[in-house]
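# Survey of secondary and tertiary structure
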Number of protein chains: 2
Amino acid sequence: MSNQEPCCSPLAATPLDAVEAATFAPLFKALGDPVRLRLFSLIASHQGGEACVCDLTDAFDLSGPTISHHLKTLKQSGLVEAERRGTWIYYRIRPEILAQIGALTTVARPVS
Amino acid sequence: MSNQEPCCSPLAATPLDAVEAATFAPLFKALGDPVRLRLFSLIASHQGGEACVCDLTDAFDLSGPTISHHLKTLKQSGLVEAERRGTWIYYRIRPEILAQIGALTTVARPVS
DNA sequence: CATCTGATTCGATGCTTGTCAAGATAGAGA
DNA sequence: TCTCTATCTTGACAAGCATCGAATCAGATG
(Lines give C-alpha, C1' and ligand atoms only; values in the text may rest on other atoms or scores of the structure.)
Protein backbone atom coordinates (compact mmCIF):
# COMPACT_ATOMS: atom_id res chain seq x y z
CA MET A 1 0.00 0.00 0.00
CA SER A 2 2.77 2.41 0.83
CA ASN A 3 6.11 3.02 -0.76
CA GLN A 4 8.30 2.94 2.26
CA GLU A 5 11.95 2.42 2.94
CA PRO A 6 13.18 -1.16 2.57
CA CYS A 7 12.65 -1.94 6.20
CA CYS A 8 9.76 -4.10 7.06
CA SER A 9 7.52 -6.74 5.74
CA PRO A 10 3.90 -5.63 5.27
CA LEU A 11 3.22 -7.51 8.46
CA ALA A 12 5.46 -5.05 10.24
CA ALA A 13 4.46 -1.93 8.37
CA THR A 14 0.87 -1.64 9.55
CA PRO A 15 -0.97 -3.79 12.06
CA LEU A 16 -3.29 -6.27 10.40
CA ASP A 17 -6.91 -5.73 11.29
CA ALA A 18 -9.21 -8.56 12.26
CA VAL A 19 -10.54 -9.04 8.74
CA GLU A 20 -7.10 -9.22 7.16
CA ALA A 21 -5.94 -11.61 9.85
CA ALA A 22 -8.95 -13.83 9.24
CA THR A 23 -8.09 -13.83 5.55
CA PHE A 24 -4.44 -14.75 5.82
CA ALA A 25 -4.28 -16.93 8.92
CA PRO A 26 -5.92 -19.92 7.17
CA LEU A 27 -3.13 -19.89 4.58
CA PHE A 28 -0.49 -20.15 7.28
CA LYS A 29 -2.57 -22.71 9.09
CA ALA A 30 -2.81 -24.89 6.00
CA LEU A 31 0.99 -24.97 5.76
CA GLY A 32 1.31 -25.39 9.52
CA ASP A 33 1.18 -29.15 9.45
CA PRO A 34 4.38 -31.00 8.48
CA VAL A 35 2.53 -33.43 6.25
CA ARG A 36 0.73 -30.66 4.40
CA LEU A 37 3.88 -28.60 4.07
CA ARG A 38 5.65 -31.56 2.49
CA LEU A 39 2.65 -32.30 0.28
CA PHE A 40 2.62 -28.73 -0.92
CA SER A 41 6.34 -28.77 -1.59
CA LEU A 42 6.07 -32.12 -3.32
CA ILE A 43 3.32 -30.84 -5.59
CA ALA A 44 5.10 -27.57 -6.25
CA SER A 45 8.37 -29.21 -7.15
CA HIS A 46 6.95 -32.08 -9.15
CA GLN A 47 7.87 -32.36 -12.76
CA GLY A 48 5.29 -30.68 -14.96
CA GLY A 49 3.95 -28.63 -12.08
CA GLU A 50 1.46 -31.23 -11.01
CA ALA A 51 1.40 -34.51 -9.14
CA CYS A 52 -1.17 -37.25 -8.89
CA VAL A 53 -2.30 -38.55 -5.54
CA CYS A 54 -0.54 -41.85 -6.09
CA ASP A 55 2.82 -40.06 -6.29
CA LEU A 56 2.07 -38.24 -3.07
CA THR A 57 0.73 -41.14 -1.05
CA ASP A 58 3.88 -43.17 -1.67
CA ALA A 59 6.02 -40.49 -0.05
CA PHE A 60 4.43 -40.95 3.37
CA ASP A 61 3.80 -43.70 5.88
CA LEU A 62 0.20 -42.62 6.07
CA SER A 63 -3.06 -44.09 4.85
CA GLY A 64 -4.71 -42.97 1.65
CA PRO A 65 -7.63 -41.36 3.47
CA THR A 66 -5.25 -39.30 5.56
CA ILE A 67 -3.41 -37.98 2.53
CA SER A 68 -6.73 -37.28 0.88
CA HIS A 69 -7.85 -35.35 3.94
CA HIS A 70 -4.75 -33.17 3.90
CA LEU A 71 -5.11 -32.52 0.19
CA LYS A 72 -8.66 -31.44 0.77
CA THR A 73 -7.49 -29.02 3.45
CA LEU A 74 -4.88 -27.57 1.09
CA LYS A 75 -7.47 -27.26 -1.64
CA GLN A 76 -9.96 -25.53 0.62
CA SER A 77 -7.33 -23.03 1.67
CA GLY A 78 -6.83 -22.16 -1.99
CA LEU A 79 -3.19 -23.15 -2.03
CA VAL A 80 -3.71 -25.97 -4.51
CA GLU A 81 -6.25 -27.03 -7.09
CA ALA A 82 -7.17 -30.45 -8.41
CA GLU A 83 -8.18 -31.81 -11.77
CA ARG A 84 -9.30 -35.29 -12.70
CA ARG A 85 -7.94 -36.73 -15.94
CA GLY A 86 -9.11 -40.25 -16.52
CA THR A 87 -8.30 -42.46 -13.59
CA TRP A 88 -6.02 -40.05 -11.85
CA ILE A 89 -6.49 -36.79 -10.04
CA TYR A 90 -3.73 -34.24 -10.41
CA TYR A 91 -2.92 -31.50 -7.93
CA ARG A 92 -1.02 -28.35 -8.70
CA ILE A 93 -0.24 -25.29 -6.65
CA ARG A 94 -1.75 -21.87 -7.15
CA PRO A 95 1.29 -19.61 -7.24
CA GLU A 96 -0.72 -16.42 -6.71
CA ILE A 97 -1.82 -17.66 -3.32
CA LEU A 98 1.66 -18.70 -2.31
CA ALA A 99 2.83 -15.29 -3.45
CA GLN A 100 0.44 -13.66 -1.00
CA ILE A 101 2.26 -15.33 1.85
CA GLY A 102 5.59 -14.39 0.36
CA ALA A 103 4.53 -10.78 -0.03
CA LEU A 104 3.33 -10.61 3.56
CA THR A 105 6.45 -12.01 5.10
CA THR A 106 9.13 -10.49 2.94
CA VAL A 107 10.79 -7.15 3.15
CA ALA A 108 9.37 -5.06 0.40
CA ARG A 109 12.19 -4.52 -1.99
CA PRO A 110 10.89 -2.09 -4.59
CA VAL A 111 11.47 -3.38 -8.13
CA SER A 112 14.21 -1.19 -9.56
CA MET B 1 21.98 -22.90 -1.90
CA SER B 2 21.63 -22.91 -5.67
CA ASN B 3 21.74 -20.10 -8.14
CA GLN B 4 18.73 -20.92 -10.18
CA GLU B 5 16.55 -19.13 -12.62
CA PRO B 6 13.99 -16.77 -11.08
CA CYS B 7 11.27 -19.37 -11.21
CA CYS B 8 10.26 -20.93 -7.99
CA SER B 9 10.21 -20.47 -4.32
CA PRO B 10 12.52 -22.86 -2.42
CA LEU B 11 9.36 -24.73 -1.55
CA ALA B 12 8.89 -25.45 -5.24
CA ALA B 13 12.50 -26.01 -6.14
CA THR B 14 13.13 -29.19 -4.19
CA PRO B 15 10.68 -31.22 -2.12
CA LEU B 16 11.08 -30.63 1.57
CA ASP B 17 12.08 -33.72 3.47
CA ALA B 18 10.42 -34.75 6.73
CA VAL B 19 13.03 -33.04 8.88
CA GLU B 20 12.80 -29.73 7.06
CA ALA B 21 9.02 -29.89 7.14
CA ALA B 22 9.10 -30.53 10.88
CA THR B 23 11.35 -27.50 11.26
CA PHE B 24 9.30 -25.03 9.30
CA ALA B 25 5.73 -26.17 9.82
CA PRO B 26 5.62 -24.88 13.43
CA LEU B 27 6.44 -21.39 12.17
CA PHE B 28 3.49 -21.42 9.81
CA LYS B 29 1.38 -22.98 12.51
CA ALA B 30 2.19 -20.22 14.96
CA LEU B 31 0.94 -17.64 12.46
CA GLY B 32 -2.01 -19.83 11.53
CA ASP B 33 -4.30 -18.39 14.18
CA PRO B 34 -5.91 -15.01 13.46
CA VAL B 35 -5.26 -13.73 16.96
CA ARG B 36 -1.60 -14.69 16.84
CA LEU B 37 -1.18 -13.28 13.35
CA ARG B 38 -2.58 -9.96 14.53
CA LEU B 39 -0.48 -10.08 17.68
CA PHE B 40 2.63 -10.66 15.63
CA SER B 41 1.75 -7.85 13.27
CA LEU B 42 0.94 -5.53 16.17
CA ILE B 43 4.27 -6.25 17.81
CA ALA B 44 6.17 -5.94 14.55
CA SER B 45 4.60 -2.64 13.64
CA HIS B 46 4.65 -1.10 17.09
CA GLN B 47 6.65 2.01 17.57
CA GLY B 48 10.14 1.23 18.81
CA GLY B 49 9.90 -2.33 17.58
CA GLU B 50 8.40 -3.64 20.77
CA ALA B 51 5.07 -3.69 22.54
CA CYS B 52 4.05 -4.42 26.09
CA VAL B 53 1.31 -6.88 26.88
CA CYS B 54 -1.00 -4.11 27.99
CA ASP B 55 -0.89 -2.56 24.51
CA LEU B 56 -1.73 -5.90 22.96
CA THR B 57 -4.48 -6.96 25.30
CA ASP B 58 -6.44 -3.80 24.64
CA ALA B 59 -6.62 -4.58 20.93
CA PHE B 60 -8.71 -7.71 21.45
CA ASP B 61 -11.95 -8.75 23.05
CA LEU B 62 -10.14 -11.56 24.78
CA SER B 63 -9.10 -12.24 28.34
CA GLY B 64 -5.59 -11.56 29.57
CA PRO B 65 -4.79 -15.23 30.01
CA THR B 66 -5.78 -15.94 26.43
CA ILE B 67 -3.47 -13.25 25.08
CA SER B 68 -0.73 -14.50 27.36
CA HIS B 69 -1.24 -17.99 26.03
CA HIS B 70 -0.91 -16.86 22.42
CA LEU B 71 2.19 -14.84 23.21
CA LYS B 72 3.72 -17.90 24.80
CA THR B 73 2.98 -19.87 21.65
CA LEU B 74 4.61 -17.20 19.50
CA LYS B 75 7.61 -17.12 21.80
CA GLN B 76 8.02 -20.89 21.74
CA SER B 77 7.94 -20.87 17.95
CA GLY B 78 10.85 -18.44 18.00
CA LEU B 79 8.96 -15.72 16.16
CA VAL B 80 9.07 -13.30 19.08
CA GLU B 81 11.08 -12.77 22.21
CA ALA B 82 10.17 -11.15 25.50
CA GLU B 83 11.98 -8.99 28.00
CA ARG B 84 10.82 -7.76 31.37
CA ARG B 85 11.65 -4.15 32.27
CA GLY B 86 10.19 -3.19 35.56
CA THR B 87 6.50 -3.85 35.78
CA TRP B 88 6.04 -4.43 32.09
CA ILE B 89 7.04 -7.20 29.74
CA TYR B 90 7.93 -6.16 26.22
CA TYR B 91 7.66 -8.37 23.17
CA ARG B 92 9.52 -7.87 19.93
CA ILE B 93 9.75 -9.93 16.77
CA ARG B 94 12.79 -11.86 15.64
CA PRO B 95 13.20 -10.72 12.06
CA GLU B 96 15.56 -13.57 11.15
CA ILE B 97 12.83 -16.08 11.85
CA LEU B 98 10.23 -14.16 9.88
CA ALA B 99 12.77 -13.96 7.08
CA GLN B 100 12.95 -17.74 6.99
CA ILE B 101 9.28 -17.87 6.11
CA GLY B 102 9.73 -15.12 3.57
CA ALA B 103 12.64 -16.92 1.97
CA LEU B 104 10.71 -20.16 1.73
CA THR B 105 7.66 -18.67 0.12
CA THR B 106 9.19 -16.13 -2.19
CA VAL B 107 10.59 -16.51 -5.63
CA ALA B 108 14.32 -16.31 -5.30
CA ARG B 109 15.28 -13.05 -6.94
CA PRO B 110 19.08 -13.08 -7.03
CA VAL B 111 20.51 -9.85 -5.66
CA SER B 112 21.90 -8.23 -8.77
C1' DC C 1 -22.57 -55.47 -17.02
C1' DA C 2 -18.84 -56.98 -13.81
C1' DT C 3 -14.67 -56.00 -11.97
C1' DC C 4 -10.49 -53.70 -10.91
C1' DT C 5 -7.99 -49.60 -9.36
C1' DG C 6 -7.40 -44.76 -7.81
C1' DA C 7 -9.27 -41.58 -4.81
C1' DT C 8 -12.72 -39.68 -1.66
C1' DT C 9 -16.15 -39.76 2.04
C1' DC C 10 -17.90 -41.51 6.39
C1' DG C 11 -17.64 -42.68 11.21
C1' DA C 12 -15.02 -43.28 15.18
C1' DT C 13 -11.20 -42.27 18.33
C1' DG C 14 -7.73 -40.02 20.88
C1' DC C 15 -4.93 -35.89 20.99
C1' DT C 16 -4.42 -30.92 20.59
C1' DT C 17 -5.98 -26.27 21.05
C1' DG C 18 -8.51 -21.83 22.17
C1' DT C 19 -10.78 -19.89 25.77
C1' DC C 20 -11.96 -18.39 30.41
C1' DA C 21 -12.08 -17.93 35.66
C1' DA C 22 -9.39 -18.36 39.55
C1' DG C 23 -5.16 -18.40 41.65
C1' DA C 24 -0.10 -17.37 41.65
C1' DT C 25 4.07 -14.45 40.75
C1' DA C 26 6.81 -10.34 40.22
C1' DG C 27 8.01 -5.78 40.59
C1' DA C 28 6.83 -0.84 42.32
C1' DG C 29 5.66 2.07 45.81
C1' DA C 30 3.65 3.48 50.37
C1' DT D 1 5.73 -5.48 54.96
C1' DC D 2 1.53 -4.64 52.79
C1' DT D 3 -0.83 -3.43 48.73
C1' DC D 4 -1.52 -2.46 43.99
C1' DT D 5 -0.92 -3.50 39.21
C1' DA D 6 0.84 -6.21 35.28
C1' DT D 7 1.43 -10.62 33.74
C1' DC D 8 1.62 -15.57 33.88
C1' DT D 9 0.11 -20.33 35.32
C1' DT D 10 -3.25 -23.71 36.42
C1' DG D 11 -7.33 -26.31 35.72
C1' DA D 12 -11.25 -27.14 33.16
C1' DC D 13 -14.11 -27.61 29.11
C1' DA D 14 -15.70 -27.55 24.43
C1' DA D 15 -14.29 -27.49 19.82
C1' DG D 16 -11.10 -28.82 16.38
C1' DC D 17 -7.93 -31.96 14.16
C1' DA D 18 -4.96 -35.98 12.55
C1' DT D 19 -5.49 -40.53 11.84
C1' DC D 20 -7.40 -44.96 10.52
C1' DG D 21 -10.58 -48.76 8.61
C1' DA D 22 -14.65 -49.47 6.10
C1' DA D 23 -17.64 -48.06 2.74
C1' DT D 24 -18.40 -45.44 -1.43
C1' DC D 25 -17.66 -43.22 -5.88
C1' DA D 26 -15.61 -42.71 -10.64
C1' DG D 27 -13.22 -44.24 -14.64
C1' DA D 28 -11.14 -47.84 -17.27
C1' DT D 29 -11.16 -52.24 -19.11
C1' DG D 30 -12.60 -56.88 -19.93
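For clarity, every value in this text was computed on a predicted model and none was experimentally measured. (Residues numbered from 1 in each chain as written. Chains lettered and ligands numbered in written order. Predicted model: local features only at pLDDT ≥ 70, side-chain atom pairs only at ≥ 80, totals over all residues. Heavy atoms only, no water.)

### Considerations on the overall build of chain A
Heads up, the rule is: Note on conventions: DSSP H or I runs of at least 4 residues are helices, E runs of at least 2 residues are strands, and numbering of each starts at the N terminus. Buried, partly exposed and exposed residues are distinguished by accessible area as a fraction of the type maximum, computed with a 1.4 Å probe on protein chains only: under 20%, between the cut-offs, and over 50%, respectively. By definition in these notes, contact holds between two residues if any of their heavy atoms fall within 4.5 Å.
Assigned secondary structure in chain A consists of 6 helices and 3 strands. What you see in chain A, going N to C, is helices and strands ordered as α-α-α-β-α-α-β-β-α. Every one of the 112 residues in chain A was classed for burial, and the buried ones make up 41%. The long-range fraction of contacts in chain A, counting pairs at least 24 apart against all pairs at least 6 apart in sequence, stands at 59%.

### Notes on the relation of the copies chain B and chain A
Quick reminder of the rule: Copy-to-copy superposition: least squares on the C-alpha atoms, limited to residues that have pLDDT of at least 70 in both copies.
You can overlay chain B on chain A at an RMSD of 0.0 Å; the transform is a turn of 180 degrees with a shift of 0.0 Å along its axis. In symmetry terms, the pair is related by a two-fold rotation axis. Comparing interface residues between copies, 100% of those in chain B also lie at the interface in chain A; the contact surface is shared.

### What to know about the interface of chain B and chain A
The condition is simple: The quantity reported as buried area is the accessible area (1.4 Å probe) lost by two parts once they are put together, taken as the sum for both. In what follows, salt bridge is the name for a side-chain nitrogen of Lys or Arg lying within 4 Å of a carboxyl oxygen of Asp or Glu. As used in this structure description, the phrase polar contact means that two N or O atoms lie within 3.5 Å; if the pair is within protein, one of them must be able to donate a hydrogen and the other to accept it, and residues adjacent in sequence are counted only when both atoms belong to side chains.
At the interface, 33 residues of chain B touch 33 residues of chain A. Between chain B and chain A, a total of about 2600 Å² is buried, with carbon and sulfur atoms accounting for 70% of that surface. Our count for the chain B to chain A interface comes out at 0 salt bridges. The interface formed by chain B and chain A holds 9 residue pairs in polar contact (both at pLDDT 80 or more) in total. The set of elements that each furnish at least two residues to the side of chain B that touches chain A consists of α1 (10–13), α2 (18–30), α3 (34–45) and α6 (95–105) of chain B. Considering each element in turn, the side of chain B that touches chain A owes the most residues, 8 residues, to α3 of chain B.

### Some details on the packing of helix α3 (residues 34–45) of chain A against α2 of chain B
For the record, the criterion: The angle between two axes is taken between their N-to-C directions and runs from 0 to 180 degrees, where each axis is a line fitted to C-alpha atoms and a helix contributes only its stretch in contact. An angle below 35 degrees is treated as roughly parallel, one above 145 as roughly antiparallel, one from 65 to 115 as roughly perpendicular, and anything else as oblique. Working rule for handedness: look at the near helix, and if it is turned counterclockwise from the far one by less than a right angle, call the crossing left-handed; if clockwise, right-handed. Note on residue categories: nonpolar means Ala, Val, Leu, Ile, Met, Phe, Trp, Tyr, Cys or Pro, charged means Asp, Glu, Lys or Arg, and polar means any other residue, Gly included.
Where α3 of chain A meets α2 of chain B, the axes come as close as 8 Å, and the angle between the chain directions of the two elements is 115 degrees. As the angle between them shows, α3 of chain A and α2 of chain B are arranged roughly perpendicular. Between α3 of chain A and α2 of chain B the crossing geometry is right-handed. On the side of α3 of chain A, the interface is formed by P34, L37 and R38 of chain A, while α2 of chain B contributes A18, A21, A22, F24, A25 and F28 of chain B. Residue classes in the contact of α3 of chain A with α2 of chain B are distributed as 8 nonpolar, no polar and 1 charged.

### Things to note about the protein's contact with DNA strand D
For clarity, the cut-off: Here, proximity means that at least one heavy atom of the residue falls within 4 Å of the molecule or strand.
By nearness alone, 22 residues border DNA strand D, and K29, S63, T66 and H70 of chain A together with Y91 of chain B come closest of all. Atoms of DNA strand D within 4 Å of the protein belong to the sugar or the phosphate in 83% of instances, the rest to bases. At 2.4 Å from a phosphate oxygen of DNA strand D is found a side-chain nitrogen or oxygen belonging to H70 of chain A. Listing elements by their share of the surface near DNA strand D, those giving two or more residues are α5 (64–77) of chain A together with α4 (53–57), α5 (64–77) and β3 (88–93) of chain B. For the surface near DNA strand D, the leading source of residues is α5 of chain A, giving 4 residues. A breakdown of the residues in the surface near DNA strand D according to their chemical character gives 9 nonpolar, 8 polar and 5 charged.

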